[in-house]
Amino acid sequence: MPTEFLMNPNDHLKNKGKYGEKKDPNELGMIGWVATAYYTVCYFFMNHCFIKFPYHTHGYWSLAGSFLLLTGMLAVDFAVSKTPMKNVERLRANGYNTQVQIGSFVWVWVVSHFGSWLFLNMLCTEMLNTHTEGDWYDWLGAEPVVEASWYAIFGPKTLIYLAILFTAADLGFMPVHEYFLHKTAPHIHHMHHVCVSSSLHSSYVFHALDIVCEFGTPVATATLTHLFILKDPVSYYMWVAASVWWYFMGHDETLKMAHWRHHKYRVQDYSAYWFALFSNN
Ligand SMILES: [Zn+2]
Ligand SMILES: [Zn+2]
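Not measured: the values here are computed from a predicted model.

*Asks:* When you look at the overall build of the chain in this model, what are you seeing that I'm missing?
*Replies:* Across its full length, the chain holds twelve helices and zero strands. Going from N to C terminus, the chain has its helices and strands arranged as α-α-α-α-α-α-α-α-α-α-α-α. Out of the 281 residues belonging to the chain, those deemed buried represent 41%. Contacts in the chain between residues at least 24 apart in sequence constitute 76% of all its contacts with a sequence separation of at least 6.

Here it is in structure tokens:
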């Protein structure tokens with residue numbers, strides 16, 4: 001599979017997708033929605049645990065738990081859909097053997113989930129811990145810290161700041177995705193796009209440098225915006241939790257978000273976050 005298709009997306013717009021049929025069928029039906037709901041609960045639970053169990057109160061439990069949780073989520077993806085196995089075979093046919101694929105999963109976990117744990121621990125754990133004594137996780141040794149009210153978490157300030165953080169993230173992500181990964185160094189982005197039909201599993205199929213560019217850039221621009229402009233740990237935590245879900249579920253074959261269509265039809269939707277809402281899929 002050559003890399004030219006990554007550089008000339010218009011060649012692939014002729015018959016299908018964006019200017020073709022309006023809606024893609026949901027082949028998985030109800031079971032697909034159940035799986036999508038399960039992944040959603042897992043992602044938010046994972047980030048919730050990252051903040052509830054900082055490194056000094058059994059944080060390694062939440063780290064190890066996230067790895068196990070993801071392994072289980074991928075097992076569900078393989079169980080309910082034929083897409084991940086087809087992609088494993090396509091990857092093998094393109095020279096990415098089993099070791100490379102497993103290495104990719106571990107590395108994506110390190111960059112994205114271990115990275116989220118680290119950043120949440122460094123930047124906002126103390127501010128957000130709404131834990132009070134008597135919660136079920138007391139037995140793990142979590143210590144109650146400062147409480148954040150529901151209003152602080154879901155109020156208008158947080159929502160406006162979230163919009164700013166998503167914009168900052170996409171302004172970092174889009175040029176790197178379009179000009180570096182698709183035009184300058186498509187060989188780096190090739191492994192990920194071998195997954196033409198994507199599913200959750202495709203979120204863990206990346207060249208080592210690809211995930212650093214794709215995830216590291218939006219995290220860097222959003223984190224710098226938080227550190228130097230907004231300085232608000234509540235919205236930053238919300239952004240990490242929401243963008244981890246959005247970024248990885250962008251490959252979900254039931255939701256079929258703009259990024260799913262970017263894989264399937266190679267349309268020019270280079271946005272991962274905010275601007276994807278305005279793409280006229
Ligand atoms: Zn791409
Ligand atoms: Zn992708």
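Let's pick the thread back up.
*Asks:* Would you take a moment to explain the nonpolar core for this structure?
*Replies:* Here is a general trend for soluble globular proteins: nonpolar side chains tend to be buried in one another's company. Judged by nonpolar contacts, the single largest core of 47 residues is most densely connected at Leu165, Tyr237, Trp239 and Val240. Of all the secondary-structure elements, those providing two or more residues to this core are helix 2 (29-52), helix 3 (59-80), helix 5 (98-123), helix 8 (156-184), helix 10 (208-230) and helix 11 (233-249). Considering every element that reaches this core, the biggest residue donor is helix 11, with eleven residues.

*Asks:* How do you make sense of helix 10 when you look at a structure like this?
*Replies:* Owing to its 3.6 residues per turn, the α-helix brings residues three or four apart onto one side. The terminal C-alpha atoms of helix 10, which comprises 23 residues, lie 31 Å apart, in line with the 33 Å expected from a rise of 1.5 Å per residue. Taken as a whole, helix 10 carries its principal kink of about 30° at Gly216; the proline Pro218 stands between one and four residues after it. At the C-terminal side of helix 10, Lys231 shows a positive phi close to 50°.

*Asks:* What should I look at first to understand unusual backbone geometry in this one?
*Replies:* It is generally the case that most residues other than glycine have a negative phi and that most peptide bonds are trans. Even without being a glycine, Lys231 presents a positive backbone phi close to 50°. Tracing the sequence through the fold places Lys231 in the loop between helix 10 and helix 11. A positive phi angle is found at Lys256, which is not glycine, with a value near 50°. Turning to its location among the elements, Lys256 is positioned in the loop between helix 11 and helix 12 (258-265).

*Asks:* What am I meant to see in the packing of helix 2 against helix 11 here?
*Replies:* Between two packed helices, what matters for the description is the angle formed by their axes and the separation of those axes. Helix 11 packs onto helix 2 with a crossing angle of 150° between their chain directions and a minimal axis gap of 10 Å. Of the two possible hands of crossing, helix 2 and helix 11 adopt the one that is right-handed. From helix 2, Tyr39, Thr40, Tyr43, Phe44, Asn47 and Ile51 reach across to helix 11, where they touch Tyr237, Val240, Ala241, Val244, Trp245, Phe248 and Met249. Tallied by class, the residues present in the contact of helix 2 with helix 11 amount to eleven nonpolar, two polar and no charged.

Each value, and the rule that gives it
Residues numbered from 1 in each chain as written. Chains lettered and ligands numbered in written order. Predicted model: local features only at pLDDT ≥ 70, side-chain atom pairs only at ≥ 80, totals over all residues. Helix = DSSP H or I, 4+ residues; strand = E, 2+ residues; numbered from the N terminus. Buried ≥ 20, exposed ≤ 12 C-beta atoms within 10 Å, placed from the backbone. Contact = placed C-beta atoms within 7 Å. Core = buried A, V, L, I, M, F, W, Y, C linked by C-beta atoms within 7 Å. Expected span 1.5 Å × (residues − 1). Bend = angle between axes of the 7 residues up to and from the residue. Axes fitted to C-alpha atoms, helices over the stretch in contact; angles between N-to-C directions. Left-handed = near helix turned anticlockwise from the far one by under 90°. Nonpolar A, V, L, I, M, F, W, Y, C, P; charged D, E, K, R; others polar.

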